[in-house]
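Next come the chains, spelled out residue by residue.
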Amino acid sequence: MLKTVQIQYFAILREQRGESAETMETAAPTAQDLYHELQKKYNFTLTSQLIRVAINNEFKSWDTILNPGDHIVFIPPVAGG
């Protein structure tokens, strides 16, 4: 079943995607499945082990089930000073 979700990207993921956010339809059941779908589609170089995921403003585990209307944020490690 397809569901519409909002996705936000930061740092290197934003650079690799070329956008900071998008709304898309996906059949991915979990956050992990969605990231793998996006990784393949946009050639993301980071593995999910290096990224944190937040769903609806709360950090969640990668096996969290996605629901229609969820707001997903992928947060890679950041460097800076």
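S.K.: Lay out the sheet that holds strand E2 (residues 21-26) in plain terms, naming residues and giving numbers.
M.R.: Taken together, the five strands give an open sheet; going across it, the order is E2-E1-E5-E3-E4, and neighbouring strands pair in mixed fashion. Across the chains shown, the open sheet's two edge strands, defined by having one partner strand only, are E2 and strand E4 (58-60). Adjacent strand axes in the sheet meet at a mean angle of 35°, parallel and antiparallel pairs treated alike. One ladder, built from three bridges, connects strand E3 (residues 52-55) with E4; its direction is antiparallel. Looking at the pairing, Val53 lines up with Lys60 of E4.

S.K.: Break down the environment of Lys3 for me, with residues and values.
M.R.: Relative to the elements of secondary structure, Lys3 occurs in strand E1 (residues 3-9). Residue class for Lys3 comes out buried when judged on its relative accessible area of 9%. When the C-alpha positions of Lys3 and Met24 are compared, they lie 8.2 Å apart, and in sequence the two are 21 residues distant. Once residues lying within four places of it in the same chain are set aside, the contact partners of Lys3 are Met24, Glu25, Thr26, Ala27, Ala28, Pro29, Leu66, Asn67 and Pro68. Engagement of the side chain of Lys3 in a polar contact is seen with the backbone oxygen of Ala28, the distance being 3.3 Å.

S.K.: Can you lay out the confidence of the model for the chain for me, pointing to particular residues and giving the numbers?
M.R.: Summary statistics for the chain give a mean pLDDT of 94 and a share of 96% for residues scoring 70 or more. Taken element by element, the predicted model of the chain shows its lowest mean pLDDT in helix H1 (residues 11-17) (94) and its highest in E2 (98).

S.K.: Account for the pairing of strand E5 (residues 71-75), with residues named and values stated.
M.R.: As paired elements, E1 and E5 share four bridges and run parallel to each other. Note that in E5 the partner of Tyr9 across the bridge is Phe74. By the bridge criterion, four bridges tie E3 to E5 in an arrangement that is antiparallel. The residue bridging Val53 from the neighbouring strand is Phe74, located in E5.

S.K.: Account for the side chain of Ser48, naming residues and giving values.
M.R.: Looking at where Ser48 falls in the secondary structure, it is placed in the loop between helix H2 (31-42) and E3. Looking at Ser48, the relative accessible area reads 7%, which means it is buried. Dropping the residues within four chain positions of it, Ser48 is found in contact with Gln32, Tyr35, His36 and Trp62.

S.K.: Can you lay out the packing of aromatic side chains for me, pointing to particular residues and giving the numbers?
M.R.: Applying the stated criterion across every chain, the model contains six aromatic pairs. Measuring from ring centre to ring centre gives 5.9 Å for Trp62 and Phe74, while their planes differ by 10°; the resulting arrangement is stacked. In this pair, Trp62 is assigned in the loop between E4 and E5 and Phe74 in strand E5, connecting sequence segments twelve residues apart. Each of the two residues, Trp62 as well as Phe74, counts as buried. Each member of the aromatic cluster is reached from another via a ring pair, and the members are Tyr9, Tyr35, Tyr42, Phe44, Trp62 and Phe74. One Lys or Arg, Arg52, reaches over the ring of Phe59 and ends 3.8 Å from the middle of that ring.

The rules we used
- Residues numbered from 1 in each chain as written.
- Predicted model: local features only at pLDDT ≥ 70, side-chain atom pairs only at ≥ 80, totals over all residues.
- Heavy atoms only, no water.
- Pairing = 2+ DSSP bridges.
- Helix = DSSP H or I, 4+ residues; strand = E, 2+ residues; numbered from the N terminus.
- Axes fitted to C-alpha atoms, helices over the stretch in contact; angles between N-to-C directions.
- Buried < 20%, exposed > 50% of the residue type's maximum accessible area, 1.4 Å probe, protein only.
- Contact = heavy atoms within 4.5 Å.
- Polar contact = N/O pair within 3.5 Å; in protein donor to acceptor, adjacent residues only side chain to side chain.
- pLDDT = per-residue confidence, 0-100.
- Phe/Tyr/Trp six-rings, centres within 6.5 Å; stacked < 30°, edge-to-face > 60°.
- Lys NZ or Arg CZ within 6 Å of the ring centre and 35° of its normal.

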